[in-house]
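Each chain, written out:
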Amino acid sequence: MMKTALLVLALLAQIGAASAAEVVVYSARNEQLIKPLFDAYTRQTGVAVKFVTDKEGPLMARLKAEGRNTPADLFMTVDAGNLWQAAEEGLLKPVESKAMKANIPAHLRDPGNEWFGLSVRARTLVYNPNRVKPGELASYEDLASPKWKKRLCLRTSKKVYNQSLVATLIGEYGEDKAEAMVKGWVANLAAEPFPDDTKAMEAVAAGLCDVTVVNTYYYGRLMEKKPNLPLAIFWPNQALKGNTGVHVNVSGAGVTRHAKHAADAVKLLEWLSSDKAQNLYADVNMEYPANPKVKPDPAVAAWGSFKPNLINVAEAGRLQAKAVMLMDRAGYK
Ligand code: FE
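Residues numbered from 1 in each chain as written. Predicted model: local features only at pLDDT ≥ 70, side-chain atom pairs only at ≥ 80, totals over all residues. Heavy atoms only, no water.

## Observations regarding the confidence of the model for the protein
Keep this limit in mind: Residue-level confidence of the predictor, termed pLDDT, takes values from 0 up to 100. Contacts between residues were defined by any pair of non-hydrogen atoms, one from each residue, lying within 4.5 Å.
Overall, the predicted model of the protein reaches an average pLDDT of 94, with 93% of residues at or above 70. This model gives residues 11-18 a pLDDT under 50, and the stretch forms zero contacts once residues within four places in sequence are excluded.

Rendered as C-alpha cells:
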C-alpha cells in the first residue's frame, strides 16, 4: 500500500516535472542577445527555453493567427510602443507578481501588468565635440531653436524609436507644443533623415551636421569599432523642473494570452528581472538594467549618469498613432 502510494507520488512528480520543463518564447530581440540568457536559465533551473526570433510585426501576426493554439508562452520585443500594441491587440495577459513589481520601477511596466520592461535604452543627444561645446546643448526642444539651423541630423520618423520619443513629448507638452518642436527640428535638418542611428552619428562625425538623437547602445557599438570618432554623449533635459529628463524606452516581455506554460513563463520573467539575470540581459547590448538595484556595465556607466523621464513608457504606445500623424504634418520624413 505504502509502496504503491510512493510510486504514484513519484509518477506524479515526474509528470509535474515534464510539464514544467519548458517555456516557449517568441522574440523580436536577436538570438545572440537572448540565447546566453536562456542557456543560463536552463543551467540553473533545468527548464528548457525554446525560442523563435523574427521582427515584431510577423511575430504579433503569428500570435494572432495561432490564437489559442499558439505554442508561445512569452512574447519579447523592443520598444514600449510594440509591447503596448501587443497588449492592445489582446495578445498578452495580466501577470500579478510581487517580484516584478519589486524589481521593475512602475514607469517601466504596463499599468495593467501585461508587459514589463527588462532593459532600458536612453534616446539621447550625440554631438561632435570639435564643433559644439556641451554648454550649447540643453534639451530636445532646444534642437528646434534657429541656432541649430542646418546643424541637426535625425533618423527617419518611420522608426518606432522616434515615434515613441515624439509620443512622449506629446504626453509631456501637449500636441501643439510638440508639433511646433518637431517642425523646428525639420527646419534645422542638414540632410534628409537617415535610415538608422549609426548613419546619423557617422554624419555628425563627418561634419555634415553637429548633433543627432540616438539610442546610446548604438553609440557604444560605433565607438567600440571606431574609438577615435569625434562623437560625445550629452544628457538633455537635466536642468529643467517638472516631469522631464532623458527619454527612455525599454525592451521587455509579457506572458501570452493563451500560454500553455503560463506559470513557468512568469518564473522565467521574474528571473529575467532579478539581479542574477539583469546584467546578462542588458550588458550584452550595452543597455541599462531595468532593475535599479543592478549596476550597468562599466563601459556604459562611463557615459555618466542622468535623470530619466519618469513618464510611464506605456504613453509611447498610447500616443503613437498621434505621434505618427504629427510627424507627417510637420514634414518629418
Ligand atoms: Fe535598436
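## Quick word on the environment of lysine 295
Cut-off, in case you're wondering: By definition, any uninterrupted DSSP run of H or I lasting at least four residues is a helix, any uninterrupted run of E lasting at least two residues is a strand, and each is numbered from the N terminus.
Relative to the helices and strands, lysine 295 is located in the loop between β8 (288-289) and α12 (298-301). The spacing of lysine 295 and methionine 223 is 72 residues in sequence and 21 Å in space, taken between C-alpha atoms. Those residues in contact with lysine 295 that sit more than four places away from it in its chain are Asn279 and Pro289.

## A few points about the coordination of the iron ion
Keep this limit in mind: Atoms of type N, O and S within 2.8 Å of a metal are treated as its donors, and for Na, K and Ca the window is 3.2 Å; water is not considered, so some sites may appear to be missing partners. Only protein chains enter the calculation, and the probe is 1.4 Å; a residue is then buried if its accessible area is under 20% of its type maximum, exposed if over 50%, and partly exposed in between.
Donor atoms from the polypeptide that bind the iron ion are Tyr161 (OH), Tyr217 (OH) and Tyr218 (OH), placed at 2.0 to 2.1 Å. Summarised as a motif, the one-chain spacing of the donors to the iron ion is Y-x55-Y-Y. An identical accessibility class is assigned to tyrosine 217 and tyrosine 218; each is buried.

## Details of the packing of helix α2 (residues 31-45) against helix α10 (residues 262-273)
Heads up, the condition is: With axes taken as lines fitted to C-alpha atoms, and helix axes fitted only over the stretch in contact, angles between N-to-C directions fall between 0 and 180 degrees. For classification, angles of less than 35 degrees are called roughly parallel, those exceeding 145 degrees roughly antiparallel, those between 65 and 115 degrees roughly perpendicular, and all remaining angles oblique. Crossing handedness is defined as follows: a turn of the near helix away from the far one that is anticlockwise and smaller than a right angle gives a left-handed crossing, while the clockwise case is right-handed. For this classification, the nonpolar set comprises Ala, Val, Leu, Ile, Met, Phe, Trp, Tyr, Cys and Pro, the charged set comprises Asp, Glu, Lys and Arg, and every other residue, Gly included, is treated as polar.
Running from N to C, α2 and α10 point in directions that differ by 110°, and their axes come no closer than 11 Å. The orientation of α2 relative to α10 falls into the category roughly perpendicular. The way α2 lies across α10 gives a crossing that is right-handed. Each of Leu37, Phe38, Ala40, Tyr41 and Gln44 in α2 lies in contact with α10, whose residues at this interface are Asp264, Lys267, Leu268, Trp271 and Leu272. Along the lines of polarity and charge, the residues of the contact of α2 with α10 split into seven nonpolar, one polar and two charged.

## Quick look at the nonpolar core
This is how it is decided: We call a set of buried Ala, Val, Leu, Ile, Met, Phe, Trp, Tyr and Cys residues a nonpolar core when their side-chain atoms join them within 4.5 Å. Residue ranges labeled as domains rest on an automatic or database domain assignment.
Counting 107 residues, the largest nonpolar core has Met76, Trp185, Leu231, Val255 and Leu268 as the members making the most contacts within it. It is helix α6 (residues 160-173) that contributes the most residues to this core, eight residues altogether. Counting contributing residues per domain, this core is built from domain 1 (2-120 + 249-298) and domain 2 (121-247 + 314-329), each supplying no fewer than three. When neighbours within four sequence positions are excluded, leucine 231 is seen to be in contact with Val126, Tyr127, Pro129, Met201, Val204, Ala205, Tyr219, Leu222 and Met223.

## Considerations on helix α8 (residues 197-205)
To be explicit about the condition: As used in this structure description, the phrase polar contact means that two N or O atoms lie within 3.5 Å; if the pair is within protein, one of them must be able to donate a hydrogen and the other to accept it, and residues adjacent in sequence are counted only when both atoms belong to side chains.
Looking only at α8, the buried set comprises Asp197, Ala200, Met201, Ala203, Val204 and Ala205. For α8, the elements touching its buried residues are β4 (116-127), β5 (211-215) and α9 (216-225). Residue aspartate 196 occupies the N-cap position of α8, its side-chain oxygen lying 3.1 Å from the main-chain nitrogen of threonine 198.

## Topic: the pairing of strand β2 (residues 48-53)
Test applied: By definition, two strands form a pair when at least two bridges between them are found by DSSP. When the strands point away from the viewer and the path from the first strand over the helix to the second turns clockwise, the crossover is right-handed.
Two elements, strand β1 (residues 22-27) and β2, share six bridges in a ladder whose sense is parallel. Considered in β2, the bridge of glutamate 22 is made with alanine 48. One crossover worth recording links β1 to the parallel β2 by way of α2, and it is right-handed.

## Regarding the domain arrangement of the protein
Filter applied, for reference: Simply put, the buried area is the total loss of 1.4 Å probe accessible area from both parts when two parts are fitted together. Put simply, a salt bridge is a Lys or Arg side-chain nitrogen that is within 4 Å of an Asp or Glu carboxyl oxygen.
When the domains of the protein are assigned, the result is domain 1 (2-120 + 249-298) and domain 2 (121-247 + 314-329). On a C-alpha basis, the centroid separation for the pair domain 1 and domain 2 is 31 Å. Every contact between the two is made by 17 residues of domain 1 and, on the other side, 17 residues of domain 2. Both sides together, the interface formed by domain 1 and domain 2 hides about 1,300 Å², and carbon and sulfur atoms give 56% of it. The largest contributions to the domain 1 side of the interface with domain 2 come from Trp84, Asn249 and Met286, which together make up 37% of the buried area. Inspection of the region where domain 1 meets domain 2 yields one salt bridge. For the pair domain 1 and domain 2, the number of links is five residue pairs in polar contact (both at pLDDT 80 or more). Those elements that place two or more of their residues in the side of domain 1 that touches domain 2 are α4 (80-88), β4 and β7 (247-255). Among the residues making up the side of domain 1 that touches domain 2, the classes are represented as eight nonpolar, six polar and three charged.

## Some thoughts on unusual backbone geometry
Of note, aspartate 79 is a non-glycine position whose phi angle comes to about 75°, a positive value. The exposure class assigned to aspartate 79 is buried, which follows from its relative accessible area of 0%. Its identity as a non-glycine residue notwithstanding, asparagine 113 has a phi of 65°, on the positive side. With respect to the helices, strands and loops of the structure, asparagine 113 is situated in the loop between α5 (98-103) and β4.

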